[in-house]
Each structure stands twice: as C-alpha cells, then as structure tokens.
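Notes for the structure review
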Amino acid sequence: MKNPLDSLWGTVISGLILTVVLYYVAINFLK
Amino acid sequence: MELHLPAIFRWIHFMAGVMWIGLLYYFNFVQVAALKDAMADGTNAGITKHVAPRALFFFRWAALVTWLAGAALLGARFVPAFTLQSGNALIGIGAWLGTIMLLNVWGLIWPNQKKILGMKPASDEEKVTARRVAFLASRTNTMLSIPMLFFMAIGGVHVF
C-alpha cells in the first residue's frame, strides 16, 4: 500500500480525516 | 491603557506560529517539488546552499517560540489542557498536536536536514535515510497541522 504522505493531496486528506476523528473523540469522550 | 500579558503571549504565539507553519507549508507545497525539478537541471545548489539553511533556521526557532508562547498563554490551564480535563480538552488536543510537531522539528527534521545539507558529516547511504526520515517527519507535521489549527481555532471559543 502506498504511503499517503508521499503525495501532497494524500497528506491534506489524511489531515482532514484526522481532524474529523479527533473531533468525534473529543465531543463524545472528553466532554 | 493597560496591556495584558496574555494578549502579548497570544500575539507572539500568532506571529511565531505564522512563521513556523508558513515555512512548513513552503517546504511541503513549494520546495520539495522545486528541488526535484532543480536536481533534474542541476540548479539545486541554489536552494540547498542558500535558501534551505535560512528557511530551516527561522523554521526551527519559530517552532520553539510558538510552543513557549503557547505554554505561557495557557498559564494555569497548562496542566488541565495537557491532561485533557473538562473545559480544556479541545485546546489540549491542539496543544498535544503542537507539541508532537515541535518534537518532530527538533528531534527528526533538523538533525536529518543537517546531514542532508552537509552541516554534519554523513555517508551517501546515511543521507538517503536522512532524506526519507526528514521528508516523512515534515509531511507528518503538515498532516498534523490541519487538526492542530482546527483545535487551536475552536479551543479558544468552545469550552468543553
């Protein structure tokens, strides 16, 4: 499997996905 | 007129942060691709000799100043934020992401860039490894900057 960080778009999309995941964790488990 | 210390810390945090993340985006969005093209036509020395060392200087020190000003800005909320306590969880996630990014800069990017740019002796094989490690650490920071900025943005206004 190709490393998404090798491409600029892969890096940006990974960052956006991580943002959603962390926000979900924050609002559901860290309130 | 009274000038509050937190406002000064926030101002410094913003200025240094703009320089840090601005240079991070310059490296990732501009220099990586430019260097690839420059190596193909033999003009890469201009970047590696004159641009990259200067950019890295401001990059790594801006990272440290950003973190220190952020820590000062947190003040009494420093421990509650880093332990993700109620009311400080969002800014705490941002603070943790920024801290990981700072450690990446000083622990991975800068030591490996010194080898790549010839500031520290390294064999060709070590340079190949250093190039890959520095690249991935830089890309990781670019990825982490996206949620980091999100949590910095909402951490100051949404308290939970």
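To be clear, the structure that these remarks concern was listed above.
Residues numbered from 1 in each chain as written. Chains lettered and ligands numbered in written order. Predicted model: local features only at pLDDT ≥ 70, side-chain atom pairs only at ≥ 80, totals over all residues.

With respect to the overall build of chain A
When you go through chain A residue by residue, the secondary structure sums to one helix and zero strands. A buried classification covers 16% of the 31 residues belonging to chain A. (Helix = DSSP H or I, 4+ residues; strand = E, 2+ residues; numbered from the N terminus. Buried ≥ 20, exposed ≤ 12 C-beta atoms within 10 Å, placed from the backbone.)

What about the overall build of chain B?
Along chain B, the regular secondary structure elements total five helices and zero strands. When the helices and strands of chain B are listed from N to C terminus, the series reads α-α-α-α-α. Considered along the principal axes of its C-alpha atoms, chain B spans approximately 55 × 35 × 25 Å. When the 160 residues of chain B are sorted by exposure, 31% land in the buried category.

Focus on unusual backbone geometry
Residues and elements named next belong to chain B. We note that leucine 84 has phi near 55°; this positive angle belongs to a residue other than glycine. Following the sequence through the fold, leucine 84 ends up in the loop between α3 (78–82) and α4 (89–116). Among the residues examined, leucine 84 registers 18 C-beta atoms within 10 Å and is labelled partly exposed.

Let's talk about α4(B)
All names here are of chain B. Here α4 spans 38 Å end to end across 28 residues, near enough to the 40 Å set by a 1.5 Å rise per residue. Helix geometry: α4 is bent most strongly at valine 105, by close to 35°. Where α4 terminates, the next one or two residues include glycine 118, which has phi positive at roughly 80°. (Expected span 1.5 Å × (residues − 1). Bend = angle between axes of the 7 residues up to and from the residue.)

Looking at helix α2 (residues 44–74) of chain B
Residue and element names in this part refer to chain B. With 31 residues, α2 should reach 45 Å at 1.5 Å per residue; the first-to-last C-alpha distance of 42 Å fits that figure. Along α2, the largest kink reaches about 40° and is centred on valine 51; proline proline 53 follows within four residues of it. Residues of α2 that are buried sit in contact with α1 (5–40), α3 and α4. Count one or two residues on from α2 and you reach glycine 75, which has phi positive near 55°. (Contact = placed C-beta atoms within 7 Å.)

Brief notes about the interface of chain B and chain A
Interfaces are often sized by the accessible area lost when the parts come together. Taken together, the contact between chain B and chain A spans 17 residues of the former and 13 residues of the latter. Counting only elements with at least two residues in the side of chain B that touches chain A, the list comes to α1, α4 and α5 (124–155) of chain B. The element that contributes the greatest number of residues to the side of chain B that touches chain A is α5(B), accounting for nine residues. When the residues that make up the side of chain B that touches chain A are grouped by side-chain class, the tally is 11 nonpolar, five polar and one charged. (Nonpolar A, V, L, I, M, F, W, Y, C, P; charged D, E, K, R; others polar.)

Focus on the nonpolar core
By size, the foremost hydrophobic cluster in this structure holds 34 residues, and its most contacted members are Trp20(B), Ile93(B) and Phe151(B). At the level of secondary structure, the elements contributing two or more residues to this core comprise α1 (8–29) of chain A together with α1, α2, α4 and α5 of chain B. Ignoring sequence-local partners within four residues, the contact set of Ile93(B) consists of Leu22(A), Ala26(A) and Phe151(B). (Core = buried A, V, L, I, M, F, W, Y, C linked by C-beta atoms within 7 Å.)

Re the environment of Ala95(B)
Residues and elements named next belong to chain B. Position of alanine 95 among the secondary structure elements: in helix α4. Since 25 C-beta atoms lie within 10 Å of it, alanine 95 is described here as buried. Between the C-alpha atom of alanine 95 and that of phenylalanine 78, which follows or precedes it by 17 residues, the distance is 9.0 Å. When sequence neighbours within four positions are dropped, the list of residues in contact with alanine 95 reads Gly70, Leu74, Ala81 and Phe82.

Considerations on the environment of Ser14(A)
In this fold, Ser14(A) is placed in helix α1. Linking Ser14(A) and Pro4(A), residues 10 residues apart in sequence, is a C-alpha distance of 7.4 Å. Other than its neighbours up to four places away in sequence, Ser14(A) contacts Pro4(A), Leu5(A) and Met143(B).

With respect to the packing of α1(B) against α5(B)
Residues and elements named next belong to chain B. Between α1 and α5, whose axes approach to 10 Å, the crossing angle comes to 125°. Classified by the angle their axes make, α1 and α5 are oblique. Crossing hand, α1 versus α5: left-handed. Across the interface between the two elements, Ile21, Leu24, Phe27 and Asn28 of α1 pack against Ser138, Arg139, Asn141, Thr142 and Ser145 of α5. (Axes fitted to C-alpha atoms, helices over the stretch in contact; angles between N-to-C directions. Parallel < 35°, antiparallel > 145°, perpendicular 65-115°, else oblique. Left-handed = near helix turned anticlockwise from the far one by under 90°.)

Purely geometric numbers; function is a separate question.
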